[in-house]
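Summary of the model geometry
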Amino acid sequence: MLTEDPKKQIVQRITRNFLDILILRLIQAEPMWGYKIIKKTERLFGIKLRHGALYPLLNSLEANSYVKSKRITEGGRVRKVYEITSKGTQLVDAYHDFLKQQLEGQDIKEV
């Protein structure tokens, strides 16, 4: 259910409908592992992602070549770190261009 606050409504709708793009944008800003994505999503958007939602999405993004992963060892822990690919960057850019066009004045009135 959407909240009364319009900004929260927008964040909830975008997060629900464009979660893949939000995740790609986070990874585009800096390569990161799953737990860090969960924490950053919660901090930036107020959305609590479950592992059961995130990891299948990351696997799908990787299967479609939008991200690539590598295992790194940090502090004795092995982490799977995700990086955006050029194909992933193209997808983010395409979404950005389309939304910008829609919001900035493409005239939708019939002439």
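Right, let's walk through the structure included here. In this text, all values refer to a predicted model and were calculated from it rather than measured experimentally. Residues take numbers from 1 onward in each chain, read along the sequence in its written order. For a predicted model such as this one, the threshold for reporting local features is a pLDDT of at least 70, and the threshold for listing and counting side-chain atom pairs is 80 or more; totals across whole chains, interfaces and linings nevertheless cover every residue. Think of the side-chain values as coming from all heavy atoms in the structure, minus any hydrogens and water.

When its secondary structure is counted, the protein shows five helices and three strands. Runs of E in the DSSP output that reach at least two residues are strands. Runs of H or I that reach at least four are helices, and both are numbered from the N terminus. If you list the helices and strands of the protein from N to C, you get α-α-β-α-α-β-β-α. Taken along the three principal axes of its C-alpha coordinates, the protein extends 65 × 35 × 20 Å. The contact criterion used throughout is that any non-hydrogen atoms of two residues lie within 4.5 Å. If you take every contact in the protein between residues at least 6 apart in sequence, the share linking residues at least 24 apart comes to 40%. Surface exposure here means Shrake-Rupley accessible area, sampled with a 1.4 Å probe, where a residue is shielded only by the protein chains that are shown. If you sum the accessible surface of the protein, you get close to 8100 Å²; carbon and sulfur atoms cover 51% of it.

Another point: the nonpolar core. Counting 19 residues, the largest nonpolar core has I23, L24, I27, I37, L54, L58 and L61 as its most contacted members. Only helix 2 (19-29), helix 3 (34-45), helix 4 (51-63) and strand 3 (77-84) provide two or more residues apiece to this core. A per-element tally of this core places helix 2 first, with six residues. Sequence-distant contacts of I37, that is, excluding residues within four places in its chain, are made with I23, L26, I27, M32, L54 and L58. Side-chain atoms within 4.5 Å link the members of a nonpolar core, which is a set of buried Ala, Val, Leu, Ile, Met, Phe, Trp, Tyr and Cys residues. Type-normalised accessible area, obtained with a 1.4 Å probe on protein chains alone, sets the label of each residue: buried when under 20%, exposed when over 50%, and partly exposed for intermediate values.

What follows is about the pairing of strand 3. In this description, strands pair whenever DSSP reports at least two bridges between them. Strand direction decides the pairing type here: strand 1 (residues 32-33) and strand 3, joined by two bridges, are antiparallel. By the bridge assignment for strand 3, M32 is matched with Y82. The pairing of strand 2 (residues 67-74) with strand 3 spans eight bridges and is antiparallel. Of the residues in strand 3, the one forming a bridge with E74 is R77. Linking strand 2 back to strand 3 in an antiparallel pair, the connection comprises two residues, with G75 at a positive phi of about 60°.

Salt bridges, as used here, are contacts in which a Lys or Arg side-chain nitrogen is within 4 Å of a carboxyl oxygen on Asp or Glu. Scanning the model with the defined rule gives six salt bridges in all. K39 is the partner of E42 in a salt bridge, and the nearest nitrogen-oxygen pair spans 4.0 Å. With a gap of three residues between them, E42 and K39 both fall in helix 3, about one helical turn apart. A residue is classified by how much of its surface remains accessible, and K39, at 40% relative accessible area, is partly exposed. Put simply, E83 and K70 hold a salt bridge, and the shortest N to O gap is 3.4 Å. Note that E83 is positioned in strand 3 and K70 in strand 2, a separation of 13 residues in sequence. Residue class for E83 comes out partly exposed when judged on its relative accessible area of 22%. By relative accessible area, which is 45% here, K70 ends up partly exposed. Each member of the salt-bridge network shares a partner with another, and the members are E30, K36 and K40.

Attention shifts here to the packing of helix 2 against helix 3. The geometry of helix 2 relative to helix 3 is characterised by a closest axis approach of 11 Å and an angle of 105° between their N-to-C directions. When the interaxial angle is binned, helix 2 and helix 3 end up roughly perpendicular. Contacts from L22, I23, L26 and I27 of helix 2 reach helix 3 at I37, K40, T41, L44 and F45. Under the grouping applied here, Gly and all other residues not named as nonpolar or charged are polar, the nonpolar ones being Ala, Val, Leu, Ile, Met, Phe, Trp, Tyr, Cys and Pro and the charged ones Asp, Glu, Lys and Arg. Here the contact of helix 2 with helix 3 is built from residues that sort into seven nonpolar, one polar and one charged. Note on method: axes are straight lines fitted to C-alpha atoms, helices fitted across the in-contact stretch only, with angles between N-to-C directions ranging 0 to 180 degrees. For this classification, under 35 degrees means roughly parallel, over 145 means roughly antiparallel, 65 to 115 means roughly perpendicular, and everything else is oblique.

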